[in-house]
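# Report on the structure
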Amino acid sequence: MSVSTAALDSSVCAPLPVLGQDVTVPLVTGGEVTYAALDYAASAPALQRVWDDVAAYAPYYGSVHRGAGYLSQLSTDLFENSRRTVAEFLGCRPEDQVVFTRSTTDSLNLLAAAIPANCQVFVYETEHHASLLPWRNAQVTYLNAPRTPGQAVETLERALADRDPYGPALVCVTGASNVTGELWPVKELAAAAHAHGARIVLDAAQLAPHHPVDIAELDVDWVAFSGHKLYAPFGSGVLAGRADWLQAADPYLAGGGASRKVARRADGGVDVDWHTTAARHEAGSPNVIGVYSIASACKALTEAGFDNLVAREQELVSRVRKGLAEVPEVQVLSLFGDDAPRVGVISFVVRGWNSSHFAAALSAEYGIGVRDGLFCAHPLVRTLLGSDPQDPGECGAPEAEPGERSLNAIRVSFGAGTPDEHIDRFLRAVTELVREGAQWKYRTEDGRCVPDRGEAAQV
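First things first, this report covers the structure right here in the doc. (Residues numbered from 1 in each chain as written. Predicted model: local features only at pLDDT ≥ 70, side-chain atom pairs only at ≥ 80, totals over all residues. Heavy atoms only, no water.)

It is worth spelling out the packing of aromatic side chains at this point. In the structure shown here, the tally under the stated rule is 11 aromatic pairs. Ring centres 5.3 Å apart and planes at 35° place the aromatic pair Trp 222 and Trp 245 in the tilted group. Remark: Trp 245 occurs in helix α8 (residues 244-248) and Trp 222 occurs in strand β9 (residues 222-226); sequence separation between them is 23 residues. We note that Trp 222, like Trp 245, is buried. With 4.9 Å between their ring centres and 85° between their planes, Trp 353 and Phe 358 make a pair best called edge-to-face. Of the two residues, Trp 353 and Phe 358, both sit in the buried class. Three or more aromatic residues joined by ring pairs make a cluster, and in this case those are Phe 348, Trp 353, Phe 358 and Phe 426. (Phe/Tyr/Trp six-rings, centres within 6.5 Å; stacked < 30°, edge-to-face > 60°. Helix = DSSP H or I, 4+ residues; strand = E, 2+ residues; numbered from the N terminus. Buried < 20%, exposed > 50% of the residue type's maximum accessible area, 1.4 Å probe, protein only.)

Written out as structure tokens, the structure is:
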């Protein structure tokens, strides 16, 4: 998978309207400024189009699948049409299923609960915890961080060649790193997995919002992603792909909707006939609005022209990387090197700064929201920072005073709704903080670096 960066021009596509684009926030130094949301990798702002679609549907909300009334029938049609929209967005094969979940984490835990007994799972240490940790009942092989895409494929091929060739196996890999934004060679990894009789699941949480994902073209067995990273509000996610393991597994949750028929036995027990469709793993009343918001986001991105969105984002990526490269104290984190294609997710450290202090100053003095910490990818960040990946660490800021070096990083992330001004303000803020220092005093409170409100004097 690659993204062309030739002849890019931000004029090919304007930023998509998103909620919160006019929100102002106070600055610790006085006054207010329009908030610059540059933490898309955690949760992207909802598209205005999605919010409008949800608002138009809300008065017609009804319980799905089990209601005879008009609103229930309308909601059922909307729910199932949303499933078809997502399947089309992902390029699903005719036999694939789309299961709605709560999030990427929930999707991968569902799959982990459905893998056959004695399944061997192969996962890189570079994964987000959502795809690193769910495989508790499997035999797991953790693969070391590769330093090139080719090395990633070679590492996987060697590991698969050494496995039990007769048992089931699953490879789990990200499409785009939530730390570095780098694109992984998904199609090549899928080919290697299948050549050795293994299946592959793609964690597309960071890929789907930034780049088209086609299950059939990539030849992956499953894709997982979250709505809240795809410009959709509410807590819904997707697991899409092959149906056989899902149909053979016990329901992820036992309850109404997953069961087709329930009857008492003469001995006092209960016999249950479970659905074999996606409903098997969708017990309970589903998040209809969350599901519809995902489908709306899929339509909005498609209708806006995903190629144009990718082109504009790549121009922003180039601008950020060029601007950071002009500040010698800044070190951008990367696995595959400067030339590796990536989405709008960039992590870095600043020499002489605690990352939490730097992020706090960006927020308090410039109205810029970024993220600092280990990004729920502790082994990867430790490796990129030259620390032992086995070192302990926590999400969020460490217990370190402002100005002390910290073994965490700063992440700036952006996408379809990011205005040029936010990128320009971010780069200006980085340069000023490095050259002139923070204008305010900061302290650590409950593990976070915050402005010292009791200090009226500037530094």
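It is generally the case that most residues other than glycine have a negative phi and that most peptide bonds are trans. Phi at Tyr 231 takes a positive value of approximately 65°, unusual for a residue other than glycine. Looking at the element boundaries, Tyr 231 is found in the loop between β9 and β10 (237-241). Of note, Asp 446 is a non-glycine position whose phi angle comes to about 55°, a positive value. Note on placement: Asp 446 falls in the loop between β18 (442-445) and β19 (448-451). Given the relative accessible area of 76%, Asp 446 is considered exposed.

Right, let's talk about the pattern of salt bridges for a bit. Counted according to the given criterion, the structure contains 25 salt bridges. The shortest N-O distance in the salt bridge between Glu 217 and Lys 187 comes to 3.1 Å. You can see Glu 217 sitting in helix α7 (residues 215-218) and its partner Lys 187 sitting in helix α6 (residues 186-195), a full 30 residues away along the chain. Among the residues examined, Lys 187 registers a relative accessible area of 41% and is labelled partly exposed. Between Arg 319 and Asp 424 there is a salt bridge, with its nearest N and O atoms 3.3 Å apart. Of this pair, Arg 319 sits in helix α10 (residues 306-325) while Asp 424 sits in helix α13 (residues 420-436), and the two are 105 residues apart along the sequence. Looking at Asp 424, the relative accessible area reads 37%, which means it is partly exposed. Among the ionic contacts, a cluster of salt bridges with common partners joins Arg 312, Glu 315, Arg 319, Asp 420 and Asp 424. (Salt bridge = Lys/Arg side-chain N within 4 Å of Asp/Glu carboxyl O.)

Bear in mind that shape data such as this cannot, by itself, settle questions of function.
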